[in-house]
Amino acid sequence: MKRKKRDKKKARSSSANKLSLFQKPGIKFFRPCPLSGKDAPIIDYKNIKLLRKYMSESNRILPSRITSVSQKKQKELSRAIKRARLLALI
Amino acid sequence: MNSYEHTIIAREDLSESQSGKLITKYKSIISENSGKILKTEEWGLRILSTKLKNNKKGFYIHLKLEGNGRTIEELEKAENIDNMLIRYLTVKVKKHDLDLNYFDKKQY
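Residues numbered from 1 in each chain as written. Chains lettered and ligands numbered in written order. Predicted model: local features only at pLDDT ≥ 70, side-chain atom pairs only at ≥ 80, totals over all residues.

## Some words on the pairing of strand β2 (residues 36–52) of chain B
Residue and element names in this part refer to chain B.
Thinking step 1. The pairing of β2 with strand β3 (residues 55–67) spans eleven bridges and is antiparallel. Within β3, the position partnered with Lys-36 by the bridge is Glu-66.
Thinking step 2. Linking two consecutive strands that pair antiparallel, namely β2 and β3, is a turn of two residues; a positive phi of about 50 degrees is found at Lys-53 within it. (Pairing = 2+ DSSP bridges. Helix = DSSP H or I, 4+ residues; strand = E, 2+ residues; numbered from the N terminus.)

Quick look at the structure:
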């Protein structure tokens, strides 16, 4: 009798793992920061090509939740974009 | 000694002799006030993204220099009076990158 109960429990848990409707999207959608790491490009107000990637078509800064830039690098990025705007480069 | 990057936007209707004078004028101001220029870059005539003081185009000059706060103070004091300039920007950097030029057409 005891064995049967255990088997039932196992079956339930395995079926629950397959359900993806209420699962948190933790591991699945994780993307590392594109601006930190070994071969990452340097953020600079003169590097317009890089800054353009992190701006919308109407020249607004994209939020980090879309681009997955880390908080530290997002701060640097926004400062660089504002400097480039002051010089009318972007 | 601190290291700074200084960018000047001059007016479009600047002749070559005038632009040469402009650079030498500010170079002398820097060297008089215990500063030292490491590199000058001319980015040339560029279209401004927005109108600045009714100008559509501007002539960009970029200086990489070493000096103290006094040098920058005197430099900006002279630039505020100059009506050939549209705008300037001074940025303090930890270390100069002398090889890289983002506005060189051969590299980029």
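Text resumes after the structure shown.
## Description of the confidence of the model for chain A
Residues and elements named next belong to chain A.
Thinking step 1. Per-residue pLDDT for chain A has a mean of 80; in total, 68% of the residues score no lower than 70.
Thinking step 2. Mean pLDDT values for the elements of chain A range from 51 in helix α1 (residues 2–18) up to 95 in helix α4 (residues 71–86).
Thinking step 3. Throughout residues 9–16 the model reports pLDDT below 50, and contacts reaching past four residues in sequence, or to other chains, amount to zero contacts. (pLDDT = per-residue confidence, 0-100. Contact = placed C-beta atoms within 7 Å.)

## Let's talk about the sheet that holds strand β4 (residues 85–93) of chain B
All names here are of chain B.
Thinking step 1. Read from one edge of the open sheet, four strands run β2-β3-β1-β4, paired in antiparallel fashion. A strand with exactly one partner marks an edge of an open sheet, and here the two such strands are β2 and β4. Averaged over all pairs of adjacent strands, the angle between their axes in this sheet comes to 20 degrees, without regard to strand direction.
Thinking step 2. As judged from the nine bridges shared by strand β1 (residues 2–10) and β3, these two strands associate in the antiparallel manner. Note that in β3 the partner of Ser-3 across the bridge is Glu-66.
Thinking step 3. With respect to the sheet, helix α1 (residues 16–32) is in contact with β1, β2 and β3, its orientation differing from that of β3 by roughly 30 degrees.
Thinking step 4. In this fold helix α2 (residues 69–81) packs onto β1, β3 and β4, with an angle of close to 170 degrees to the strand it touches most, β4. (Axes fitted to C-alpha atoms, helices over the stretch in contact; angles between N-to-C directions.)

## Brief notes about the interface of chain A and chain B
Thinking step 1. The interface of chain A with chain B comprises eight residues on the first partner and ten residues on the second.
Thinking step 2. The class makeup of the residues in the side of chain A that touches chain B is five nonpolar, one polar and two charged. (Nonpolar A, V, L, I, M, F, W, Y, C, P; charged D, E, K, R; others polar.)

## Digging into the environment of B:Gln18
Thinking step 1. Relative to the helices and strands, B:Gln18 is located in helix α1.
Thinking step 2. Distance from B:Gln18 to B:Met84, taken between C-alpha atoms, is 9.7 Å for residues 66 residues apart in sequence.

## Some thoughts on the confidence of the model for chain B
Thinking step 1. Residues with a pLDDT of 70 or more make up 97% of chain B, whose mean pLDDT is 90.
Thinking step 2. As scored by the predictor, the complex reaches a pTM of 0.79 and an ipTM of 0.87.

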